Amino acid sequence: LVIAKPPGAKFQIGRVYTASPLIGQSTEFADVISEVVKNQVDDAIIQICQLGVPDHAAADRMLTGKTHGGEALQGLVASQAKLHRDAVSIGWRDDLPILNQRKVAITVSTPATRTDADALEQARATHLALLTNLRACGFSDVEVLDAAGLAGLYRQFADIFAPYAPVALDELADYKYQIFP
């Protein structure tokens with residue numbers, strides 16, 4: 001869970017989920033989001049964003065398990081991997097777009113007057129139900145982001161050409177100053 005306390009406002013307890021948008025079936029996803037909206041209080045924050053970024057991991061995924069074969073076959077595999085690495089740069093080919101991937105980020109945050117064990121347990125149960133529903137409607141690769149992962153996602157929104165990486169957070173520094181150094 002991610003807990004925030006905006007100045008002059010109540011605590012916000014929430015969670016951020018990321019997944020591939022092309023896996024989920026749209027009607028079931030609409031039902032899940034409708035259920036989430038119905039179950040939230042009036043000042044809850046629900047945000048859904050889609051992000052298209054260059055697929056920096058395409059070459060590594062393509063190379064996984066391709067260790068057998070002769071010299072000619074390994075040369076073809078290496079050539080294909082180089083093609084995948086080059087394809088994440090603008091202008092790599094005049095007639096083709098860059099190789100990209102899309103991800104959807106779903107943020108659900110609920111106001112809370114306290115952050116004791118009972119409130120956190122209730123929020124944890126609510127978000128576990130949402131995570132189960134997201135997986136059931138087709139988002140099999142859904143991941144829950146912690147504060148470091150969320151900072152990495154914010155940085156990727158600002159610079160889509162940099163590969164996603166969680167940010168090493170400093171516990172003594174204010175979170176908002178660690179997003180964009």
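The structure displayed is predicted, hence computed values, not measured ones.

**Here we look at the packing of aromatic side chains**
Considering all chains together, one arrives at 0 aromatic pairs under this definition. Between the NZ or CZ atom of K5 and the centre of the ring of F11, over which it lies, the distance is 5.8 Å. The ring of Y164 has K103 sitting right over it, with the charged end atom 4.7 Å from the ring centre.

**Quick look at the environment of I46**
Structurally, the position occupied by I46 is in strand β3 (residues 45–54). Judged by its relative accessible area of 31%, I46 is partly exposed. A C-alpha to C-alpha distance of 40 Å links I46 and K82, two positions 36 residues apart in sequence.

**Considerations on the pattern of salt bridges**
For the structure shown, the criterion picks out 2 salt bridges. As a salt-bridge pair, R114 and D116 come within 3.0 Å of each other at their nearest N and O atoms. R114 sits in the partly exposed class, given a relative accessible area of 44%. A salt bridge links E121 to R124; the shortest N-O distance between them is 3.1 Å. Of this pair, E121 and R124 are both found in helix α4 (residues 117–136), 3 residues apart, which corresponds to roughly one turn of the helix.

**A few points about helix α3 (residues 71–86)**
Think of an α-helix as 3.6 residues a turn; residues three or four steps apart then line up on the same face. Here α3 contains 16 residues, and its C-alpha end-to-end distance of 22 Å stays within 8% of the 22 Å for a straight helix at 1.5 Å per residue. Among all positions of α3, only V77, A81 and H84 are buried. Mapping the buried residues of α3 onto a view down its axis gives an arc of 55°, with all of them on the same face. Looking at α3, the residues exposed on the side facing more than 90 degrees away from the buried face are E71, A72 and L76. Each element contacted by the buried residues of α3 is listed here: α2 (58–63).

**Details of the confidence of the model for the protein chain**
For the protein chain, per-residue confidence averages 82 on the pLDDT scale, and 96% of positions sit at 70 or higher. Taking the mean pLDDT of every element in the protein chain, the minimum, 69, falls on helix α1 (residues 26–39) and the maximum, 92, on strand β5 (residues 143–145).

Each value, and the rule that gives it
Residues numbered from 1 in each chain as written. Predicted model: local features only at pLDDT ≥ 70, side-chain atom pairs only at ≥ 80, totals over all residues. Heavy atoms only, no water. Phe/Tyr/Trp six-rings, centres within 6.5 Å; stacked < 30°, edge-to-face > 60°. Lys NZ or Arg CZ within 6 Å of the ring centre and 35° of its normal. Helix = DSSP H or I, 4+ residues; strand = E, 2+ residues; numbered from the N terminus. Buried < 20%, exposed > 50% of the residue type's maximum accessible area, 1.4 Å probe, protein only. Salt bridge = Lys/Arg side-chain N within 4 Å of Asp/Glu carboxyl O. Expected span 1.5 Å × (residues − 1). Arc of directions from axis to C-beta. Contact = heavy atoms within 4.5 Å. pLDDT = per-residue confidence, 0-100.

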